[in-house]
Amino acid sequence: MPEVKMPDLGEGITSATVSMWYFSEGDSVSRDDDLVELVTDKATFNMPSPVSGRLTKILVNEGDVADIGTALAIIE
Amino acid sequence: MQPSWLKRQIILDSGVDITNRVIKEFGLNTVCYSARCPNIFECFSKKRATFLILGNCCSRNCGFCSIARGRPQAVDEEEPSKIAEALLLLGLRRVVITSVTRDDMADGGSGHFKKTIETIRRVVGRDISIEVLVPDFRGADKAIARVIEAGPDIFGHNIETVPGLYAGIRPFSDYARSIGVLRRVKQICPTMATKSSLMLGLGETESEVVSVMKDLRQASCDMLALGQYLRPSPAQVEVREFLSPQAFLRFKEIAYSLGFKDVQSAPLVRSSYREG
């Protein structure tokens, strides 16, 4: 199952906040579309979708914190 | 919530993968990663990195910086050749080398800077552009001269902030000493390009910034970089102000009018960052 994972965002950063999803569950997304906005203490990032497909499951809700490396969503 | 102009794009491409892999394979430190730089994806995607030499533990405790303060590590004598090999693999024609401060070392780490520059020149080629961003070496003439002797293309030393904020931001450093480092470079080698950087948004006033620019020009500093201070974690000092991109443009004009030859000024400019 193709999971979208929280990327490594710098030394000592163990987690980041999912601040906004640009798509809803069920939407089709294309590779490189901005998928989710991530916030660390230092910076705000847009993360692109690594693949094209259907966003079947959002695993971390807006406002929640997720550890580096954990799955944020599933795109099939 | 940060202003929208500070938002960066995560890039998931082969450039980022390769850069990460090469850095990890050689066990190198980069300020990009250690300082949690928001531009890391853009730069790594272009296979650009700023190497942090002399370990990743600093002997000073600056209020803006997330690099750990602690017991200094033994210097890796192989580090210069590892960096040179990494540069070859990444195909870089331009590199920035910086370091933690090493007040524990008799030469402040200047010998290691020299060795790193010389090794890169020998292994990668004479024509690679090497910029160094050095600590203040406690103002030691010999240390400054040693780095110059190795022939970097750009000699950088960062002022970081206005003198009135040094107590909170650079408590173990000295404004006049840092200006003096840049002045000394030009006295030793008038043709050496010198560069300095400031973080804005720490509570400084516009006139204080202009006054620092004038001090830098009096020390014949050639290049200036201005960027927005971003707090790496709650352990560092707070951002007092987010300056607009227009405010950075205004400072850029002022800097050019004061005679700087090269000015980078924008919210996401860092001392080793170049657009394009």
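Let me begin by describing the structure that accompanies this report. Everything quoted here is computed from the prediction, not taken from an experiment.

Procedures and definitions
Residues numbered from 1 in each chain as written. Chains lettered and ligands numbered in written order. Predicted model: local features only at pLDDT ≥ 70, side-chain atom pairs only at ≥ 80, totals over all residues. Heavy atoms only, no water. Helix = DSSP H or I, 4+ residues; strand = E, 2+ residues; numbered from the N terminus. Polar contact = N/O pair within 3.5 Å; in protein donor to acceptor, adjacent residues only side chain to side chain. Axes fitted to C-alpha atoms, helices over the stretch in contact; angles between N-to-C directions. Left-handed = near helix turned anticlockwise from the far one by under 90°. Contact = heavy atoms within 4.5 Å. Nonpolar A, V, L, I, M, F, W, Y, C, P; charged D, E, K, R; others polar. Salt bridge = Lys/Arg side-chain N within 4 Å of Asp/Glu carboxyl O. Phe/Tyr/Trp six-rings, centres within 6.5 Å; stacked < 30°, edge-to-face > 60°. Lys NZ or Arg CZ within 6 Å of the ring centre and 35° of its normal. Expected span 1.5 Å × (residues − 1). Buried < 20%, exposed > 50% of the residue type's maximum accessible area, 1.4 Å probe, protein only. Arc of directions from axis to C-beta.

Within the fold, Ser49(A) resides in the loop between β5 (44-48) and β6 (53-58). Within the structure, Ser49(A) has its side chain in polar contact with the backbone oxygen of Val51(A) (distance 2.6 Å).

Looking now at the packing of helix α4 (residues 79-90) of chain B against helix α5 (residues 110-124) of chain B. Residues and elements named next belong to chain B. As a packed pair, α4 and α5 sit with axes 8 Å apart at the nearest point and diverge in direction by 35°. Regarding α4 and α5, the two cross each other, and that crossing is right-handed. Only His-112, Lys-115, Thr-116, Thr-119, Ile-120, Val-123 and Val-124 of α5 make contact with α4, whose side of the interface consists of Glu-79, Pro-80, Ser-81, Ile-83, Ala-84, Glu-85, Leu-87 and Leu-88. Among the residues forming the contact of α4 with α5, the class breakdown is eight nonpolar, four polar and three charged.

Looking now at the side chain of Asn39(B). All names here are of chain B. Turning to its location among the elements, Asn-39 is positioned in the loop between α2 (31-34) and α3 (40-45). Polar side-chain contacts of Asn-39 include one of 2.8 Å to the backbone oxygen of Leu-268. Sequence-distant contacts of Asn-39, defined by excluding residues within four places in its chain, comprise Arg-8, Leu-268, Arg-270 and Tyr-273.

Turning our attention to the interface of chain A and chain B. With 20 residues of chain A at the contact, the number on the chain B side is 20 residues. Taken together, the links from chain A to chain B amount to one salt bridge. Between Lys7(B) and Glu37(A) there is a salt bridge, with its nearest N and O atoms 2.6 Å apart. Elements represented by at least two residues in the side of chain A that touches chain B include exactly β4 (34-39) and β5 of chain A. When residues in the side of chain A that touches chain B are grouped by element, the largest group, five residues, is from β5(A). Class assignment of the residues belonging to the side of chain A that touches chain B gives a composition of ten nonpolar, four polar and six charged.

Once that is clear, we can look at the packing of aromatic side chains. Residue and element names in this part refer to chain B. What the rule picks out here adds up to three aromatic pairs over all chains. Considering the side-chain rings of Tyr-166 and Tyr-175, the 5.8 Å spacing of their centres and the 90° angle between planes classify their relative orientation as edge-to-face. Just above the ring of Phe-260 sits the side chain of Arg-217; from NZ or CZ to the centre is 5.7 Å.

Residue and element names in this part refer to chain B. Its twelve residues place the ends of helix α1 (residues 14-25) 16 Å apart at the C-alpha level, agreeing with the 16 Å of an ideal helix rising 1.5 Å per residue. Along α1, the positions that sit buried rather than exposed are Gly-15, Val-16, Thr-19, Val-22 and Ile-23. Projected down its long axis, α1 carries its buried residues within an arc of 140°, all on one side. Facing away from the buried side of α1 by over 90 degrees, the exposed positions are Ser-14, Arg-21, Lys-24 and Glu-25.

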